[in-house]
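A look at the structure
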Amino acid sequence: MKHYEFHRKVEYPDLGEDARFSHLGALRIMQEAACLDSSLTGYGPFDVERNGIAWIICGWKVHLERRPHWGTDLVVSTWPRTMSNHLSERDFIIADASGNPVGAATSRWLLIDVRTGRVTNVTPEIAAAYPLDNSCRALEEEMAVAGKSPEGAVETFTYTALRRDLDMFHHVNNLHYLELAREALPEAVLAQNLPNVEILYKRQIRLGDKVHFLYSFDAASGKHMVELKNCDGKKSHAVVWFY
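Scoring rules and cut-offs
Residues numbered from 1 in each chain as written. Predicted model: local features only at pLDDT ≥ 70, side-chain atom pairs only at ≥ 80, totals over all residues. Heavy atoms only, no water. Helix = DSSP H or I, 4+ residues; strand = E, 2+ residues; numbered from the N terminus. Rg over C-alpha atoms; globule rule 2.2 N^0.38 Å. Buried < 20%, exposed > 50% of the residue type's maximum accessible area, 1.4 Å probe, protein only. Contact = heavy atoms within 4.5 Å. Phe/Tyr/Trp six-rings, centres within 6.5 Å; stacked < 30°, edge-to-face > 60°. Pairing = 2+ DSSP bridges. Core = buried A, V, L, I, M, F, W, Y, C linked by side-chain atoms within 4.5 Å. Disulfide = S-S within 2.5 Å. Polar contact = N/O pair within 3.5 Å; in protein donor to acceptor, adjacent residues only side chain to side chain. Expected span 1.5 Å × (residues − 1).

1. Quick look at the overall build of the chain
The number of helices and strands found in the chain is five helices and eleven strands. Taking 18 Å as the expected radius of gyration for a compact globule of 243 residues, we find that the chain reaches 18 Å, a close match to that expectation. Across its three principal directions, the C-alpha atoms of the chain cover 50 × 45 × 35 Å. The 243 residues of the chain split such that 50% are buried. Relative to all contacts within the chain whose residues are 6 or more apart in sequence, the contacts with residues 24 or more apart total 69%.

Here it is, written out as structure tokens:
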């Protein structure tokens with residue numbers, strides 16, 4: 001099956017501090033590719049007002065094989081792999097113009113009724129608009145469906161959501177969760193440029209919400225975890241793993 005392809009160069013905002021392609025850059029490119037592909041089916045960002053529904057990201061699992069320089073030509077292939085009830089899984093392959101692998105990812109999306117803000121099921125009409133390809137997987141491992149900080153996790157800082165963080169759905173955009181979670185990592189961990197990032201989104205963060213960031217490390221799995229919790233620490237907004 002032919003998958004949708006999005007062609008673009010590595011741009012300046014895609015670079016990390018070492019002037020190489022970053023996980024944030026990968027998320028930016030893949031988010032755009034997903035929006036463009038979905039737009040071809042009639043369910044993209046421009047169609048939200050007409051359809052009254054929107055796909056909201058609820059999970060990312062990203063592996064970067066290598067991190068090219070600014071100006072490198074990239075090709076992002078993307079396809080919806082599964083779709084049932086109110087969820088869809090979408091995969092991505094990132095390569096350079098010569099076909100050399102750069103990265104791969106899988107993602108999970110939630111269908112929302114924008115009028116009510118509640119989850120809504122995929123209708124037969126919506127399902128028919130998306131050609132699924134479950135025969136091709138970008139990553140073998142499944143995404144996490146649960147996660148919480150262990151006892152002894154260290155609170156690193158607190159952040160209040162600002163207007164600059166919001167997107168068209170009036171909540172903090174998914175990319176900012178990664179940017180903020182990186183602030184909670186020790187400098188020595190950041191310096192490792194770990195190849196894998198996984199994000200499990202649980203609750204929206206809205207304007208003025210105060211978020212606490214907890215850091216922990218699991219020696220058995222080698223994963224560094226950052227959990228974003230609400231002001232009283234009782235509810236979790238997201239968990240981000242670096243490994």
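2. What about unusual backbone geometry?
Its identity as a non-glycine residue notwithstanding, Ala19 has a phi of 65°, on the positive side. Residue position: Ala19 is located in the loop between strand E1 (4–9) and helix H1 (23–40). Phi angles above zero are rare outside glycine, and Asn193 is one such case at about 50°. You can see Asn193 is positioned in the loop between helix H5 (187–190) and strand E8 (196–201). Under the relative-accessibility criterion, Asn193 is labelled partly exposed at 40%.

3. Describing the packing of aromatic side chains
Counted under the stated rule, the structure contains six aromatic pairs. Ring geometry for Trp55 versus Tyr130: centroids 6.2 Å apart, planes at 90°, classification edge-to-face. Placement of the pair is Trp55 in strand E2 (residues 53–64) and Tyr130 in the loop between helix H3 (124–129) and strand E7 (154–160), with a sequence separation of 75 residues. In terms of burial, Trp55 and Tyr130 fall into one category: buried.

4. What about the environment of Asp73?
With respect to the helices, strands and loops of the structure, Asp73 is situated in strand E3 (residues 73–84). For Asp73 and Ile56, which are 17 residues apart along the polypeptide, the C-alpha to C-alpha distance reads 28 Å. Among residues more than four places away in sequence, those in contact with Asp73 are Arg8, Lys9, Ala95, Asp96 and Ala97.

5. What to know about the pairing of E3
Where burial is concerned, most of E3 is hidden: nine out of the twelve residues are buried. In this structure, E1 lies alongside E3, joined through six bridges in antiparallel fashion. Pairing of Tyr4 across the sheet is with Thr78, part of E3. Two strands pair when backbone bridges link them, and E3 and strand E4 (residues 87–96) are joined in this way by ten bridges, in the antiparallel orientation. Bridge pairing links Val75 to Ala95 in E4. In this antiparallel pair of consecutive strands, E3 and E4, the connection spans two residues, and Asn85 shows a positive phi of 55°.

6. Here we look at the nonpolar core
When a protein is soluble and globular, its nonpolar side chains tend to lie buried together. In this structure, Phe21, Met30, Trp60, Val226 and Phe242 are the most contacted members of the largest nonpolar core, which totals 55 residues. Counting residues per element, this core draws most heavily on H1, which supplies seven residues. When residues no more than four places from it in sequence are discounted, the contact partners of Met30 are Trp60, Val62, Val76, Phe92, Ile94 and Ala105. By size, the runner-up hydrophobic cluster in this structure holds five residues, among which are Leu200, Met225, Trp241 and Tyr243.

7. Things to note about the state of the cysteines
Put plainly, two cysteines are in a disulfide when a covalent bond ties their sulfur atoms together. According to the stated counting rule, one finds zero disulfides in the structure shown. Note on Cys58: no disulfide assigned, nearest cysteine sulfur contributed by Cys35 at a separation of 15 Å.

8. Details of the pairing of E4
E4 sits mainly inside the fold: eight of its ten residues count as buried. Sheet topology places E4 next to strand E5 (residues 101–113); nine bridges connect them, and they run antiparallel. By the bridge assignment for E5, Glu89 is matched with Arg108. Count of turn residues in the E4/E5 antiparallel hairpin: four residues, of which Gly99 carries a positive phi of about 90°.

9. Quick notes on helix H4 (residues 174–183)
Along an α-helix, residues three or four positions apart point the same way, because every turn accommodates 3.6 residues. Of the residues making up H4, those classed as buried are Asn174, Leu175, Tyr177, Leu178, Leu180 and Ala181. Measuring from the backbone nitrogen of Leu175 back to the side-chain oxygen at the start of H4 gives 3.0 Å, which picks out Asn173 as the cap.

10. A few points about H1
The terminal C-alpha atoms of H1 lie 26 Å apart, and with 18 residues this matches the ideal 26 Å at 1.5 Å per residue to within 8%. Within the sequence span of H1, burial applies to His23, Leu24, Gly25, Ala26, Leu27, Ile29, Met30, Ala33, Ala34, Asp37 and Ser38. Backbone geometry just after H1 places Gly42 at a positive phi near 90°.

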